[in-house]
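Close look at the chain arrangement
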Amino acid sequence: MAGPTFVADAPDALSHVALESLTAIYHAPSGMTHLLAPPAPQILAALANRPGTAEDVLARIAESFDLETEDAAAAMSARLGELEAAGLVRRA
Amino acid sequence: MRHRLDLTIGPVSFRIGSAWPQPIAQLAALYAPYPKPAGIADFTVRLEPEKPWRRLVRPSVAIHGDYTLPDAAPLPLAQGLLAAEMGMNLQMALGQKRFLLLHAATVERDGHALLLTGHSGAGKSTLAAMLGEAGWRFLGDEFALLDPVTGLIHPFPRAISLKNQSLALFDSAAPDRLGPVLKGTPKGTIRHLRPPADAIARMAEPARPALILFPRFNRDFEPETRPVGAAETFVRLTQASTNYVALGRPGFDALTRLVTVTPSFAIDYRSGEEAAALIDTLWSNAT
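Keep in mind that this is a model prediction, so the values were computed, not measured. (Residues numbered from 1 in each chain as written. Chains lettered and ligands numbered in written order. Predicted model: local features only at pLDDT ≥ 70, side-chain atom pairs only at ≥ 80, totals over all residues. Heavy atoms only, no water.)

**What about the overall build of chain B?**
Tallying secondary structure elements over chain B gives 8 helices and 16 strands in all. Computed over C-alpha atoms, the radius of gyration of chain B comes to 19 Å, within 12% of the 19 Å expected from 2.2 N^0.38 for 287 residues, which places it in the range of a compact globule. Structurally, chain B occupies a C-alpha span of about 60 × 40 × 35 Å along its principal axes. Looking at chain B as a whole, 55% of its 287 residues are labelled buried. Looking at chain B alone, contacts between residues at least 24 apart form 69% of all its contacts between residues at least 6 apart. Surface exposure of chain B reaches about 12300 Å², of which carbon and sulfur atoms provide 55%. Here chain B carries 30 positive and 26 negative side-chain charges, and the mean point of each set is 7 Å from the other. (Helix = DSSP H or I, 4+ residues; strand = E, 2+ residues; numbered from the N terminus. Rg over C-alpha atoms; globule rule 2.2 N^0.38 Å. Buried < 20%, exposed > 50% of the residue type's maximum accessible area, 1.4 Å probe, protein only. Contact = heavy atoms within 4.5 Å. Areas by Shrake-Rupley, 256 points an atom, 1.4 Å probe, with all protein chains shown as cover. Lys, Arg positive; Asp, Glu negative; His and termini not counted. Charge placed at Lys NZ, Arg CZ, Asp CG, Glu CD.)

Put into structure tokens, the structure is as follows:
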């Protein structure tokens, strides 16, 4: 069963700066700053202006990211839930 | 207002009005060498009685101005100078839009700035005042003004607020540089010290940040230096800024640039001499 579909803002709505292993993100629509750990920045990039489910995101970032977990889809759904709560992705 | 003083401090100008003569006379003495603003002041501070009769009966100084905090408690008239200083801080904290304000003390050497930031009581003011008497140029003990366009720190050399045990360290300063001893303030005993003459003469000269330190004074700590990563420094400086959120993207850009190019360390120290030695070592590695 496919889960909800999410979408993130276009890349120009965000400023990214790498700070060691983390990424500082300024989200212009909300004026909020976030400090994100991988794979959150990669998820945002995969969903920028391009709606997708947890499975879609996994497929899109698979080349650059290996989610080492037994249930990658459940882990991705959890990350999407966190990014939704932070206001960085929304239901499409 | 019955009594008034106009002041320029670094890139900012203030008009301070008071219902009583004493705070203005004390301010005028403390800030005697500071220039007058060329035009209209950026910020207004008003020291007024809470109720009209409180100008004469148990006089009580409420801090008003362009920006006010509704729950700020009034101070007794004996602490009127502190009220003026708090009023200037408040206008900056709430109204400054041109610079990213970091709650930090700053000193300069060879065109490079050292930022000392951290919690209240960590010893920032005392360290900056000590360094300012020992070959560094004092830029400020309260706010570092980071220009989002140039990345430079602009001096804001207000009177230094010495607290409690620190007062004794500056007993030998020229008497005209010292304000009255203010006892029983919300932060204990306070005495203001006018910055050294070169800090005032060169207050229009900004400096490029070279080192960020988080000092911690504690007699029980062994002296220690610990590198602080860019992400931790970034988070701590967003918390140390009064207007980071208000500035939006320029604030984000300025702060991320600062933390990515500027080395940052936490230092624990037990005395001023110990801190000066730690700072010397870190400074020579950073510049």
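**A closer look at the packing of aromatic side chains**
Inspection of the entire model under this criterion finds 8 aromatic pairs over all chains. Here the aromatic rings of B:Phe234 and B:Phe252 are separated by 6.1 Å at their centres, their planes lie at 85 degrees, and the arrangement is edge-to-face. One end of the pair, B:Phe234, is in helix α5 (residues 230-239); the other, B:Phe252, is in helix α7 (residues 249-261), with 18 residues separating them in the sequence. In terms of burial, B:Phe234 and B:Phe252 fall into one category: buried. Ring pairs connect the aromatic residues A:Tyr26, B:Phe234, B:Tyr244 and B:Phe252, which therefore count as one cluster. Over the ring of B:Phe214 we find B:Arg236; its NZ or CZ atom is 4.0 Å from the centre of that ring. (Phe/Tyr/Trp six-rings, centres within 6.5 Å; stacked < 30°, edge-to-face > 60°. Lys NZ or Arg CZ within 6 Å of the ring centre and 35° of its normal.)

**Concerning the packing of helix α1 (residues 40-47) of chain A against helix α2 (residues 54-61) of chain A**
All names here are of chain A. Packing of α1 against α2 brings their axes to within 10 Å, and their N-to-C directions diverge by 105 degrees. The angle between α1 and α2 falls in the class roughly perpendicular. Along its contact with α1, which presents Gln-42, Ile-43, Ala-46 and Leu-47, the element α2 presents Val-57, Arg-60 and Ile-61. Looking at the contact of α1 with α2 residue by residue, the classes come out as 5 nonpolar, 1 polar and 1 charged. (Axes fitted to C-alpha atoms, helices over the stretch in contact; angles between N-to-C directions. Parallel < 35°, antiparallel > 145°, perpendicular 65-115°, else oblique. Nonpolar A, V, L, I, M, F, W, Y, C, P; charged D, E, K, R; others polar.)

**Here we look at helix α3 (residues 124-132) of chain B**
When you tally the buried positions in α3(B), you get 8 out of 9 residues, the bulk of the element. When we look at burial in α3(B), the residues that qualify are B:Lys124, B:Ser125, B:Thr126, B:Leu127, B:Ala128, B:Ala129, B:Leu131 and B:Gly132.

**Digging into the sheet that holds strand β11 (residues 160-163) of chain B**
As a general point, the strands of a sheet are linked pairwise by backbone hydrogen bonds and lie either parallel or antiparallel. Residues and elements named next belong to chain B. What the 3 strands build is an open sheet, ordered β11-β13-β12; its pairing is antiparallel. With one partner strand each, in any of the chains shown, β11 and β12 (182-185) form the two edges of the open sheet. Looking at each pair of strands side by side, their axes are set apart by 35 degrees on average, direction ignored. (Pairing = 2+ DSSP bridges.)

**Considerations on the environment of B:His154**
Relative to the helices and strands, B:His154 resides in strand β10 (residues 153-154). Excluding residues that lie within four positions of it along the chain, B:His154 makes contacts with B:Pro11, B:Arg98, B:Phe99, B:Leu145, B:Asp147 and B:Pro206.

**A look at the packing of α2(A) against helix α3 (residues 72-85) of chain A**
Residues and elements named next belong to chain A. At a closest axis distance of 9 Å, the pairing of α2 and α3 adopts a crossing angle of 105 degrees. In this view, α2 runs roughly perpendicular relative to α3, as classed from their interaxial angle. Of the residues in α3, those touching α2 at Ala-54, Glu-55, Val-57, Leu-58 and Ile-61 are Ala-72, Ala-73, Met-76, Ser-77 and Leu-80. A per-class count over the contact of α2 with α3 returns 8 nonpolar, 1 polar and 1 charged.

**Observations concerning the pairing of strand β14 (residues 208-217) of chain B**
Residues and elements named next belong to chain B. Of all the 10 residues making up β14, 7 are buried; the element is thus mostly covered by neighbouring parts of the structure. Inspection of the sheet shows strand β7 (residues 112-117) paired to β14 by 5 bridges, in the parallel sense. Bridging from a neighbouring strand, His-112 pairs with Arg-208 of β14. For β14 and strand β16 (residues 264-269), the ladder comprises 6 bridges, and the chain directions are parallel. Residue pairing in the sheet places Pro-215 in a bridge with Ile-267 of β16.

**A word on the sheet that holds strand β3 (residues 22-27) of chain A**
Read across the sheet, 3 strands follow the order β2-β3-β4 (chain A) without closing on themselves; strand pairing throughout is antiparallel. The sheet terminates laterally at β2 (14-19) and β4 (32-36) of chain A, the two strands that pair on one side only. Strand-to-strand, the axes of this sheet are offset by a mean angle of 20 degrees, without reference to chain direction. For β2(A) and β3(A), the ladder comprises 6 bridges, and the chain directions are antiparallel. Looking at the pairing, A:Leu19 lines up with A:Leu22 of β3(A). Along the sheet, α5(B) makes contact with β2, β3 and β4 of chain A, crossing β4(A) at roughly 155 degrees. α7(B) contacts β2, β3 and β4 of chain A of the sheet and is inclined by roughly 15 degrees relative to β2(A).

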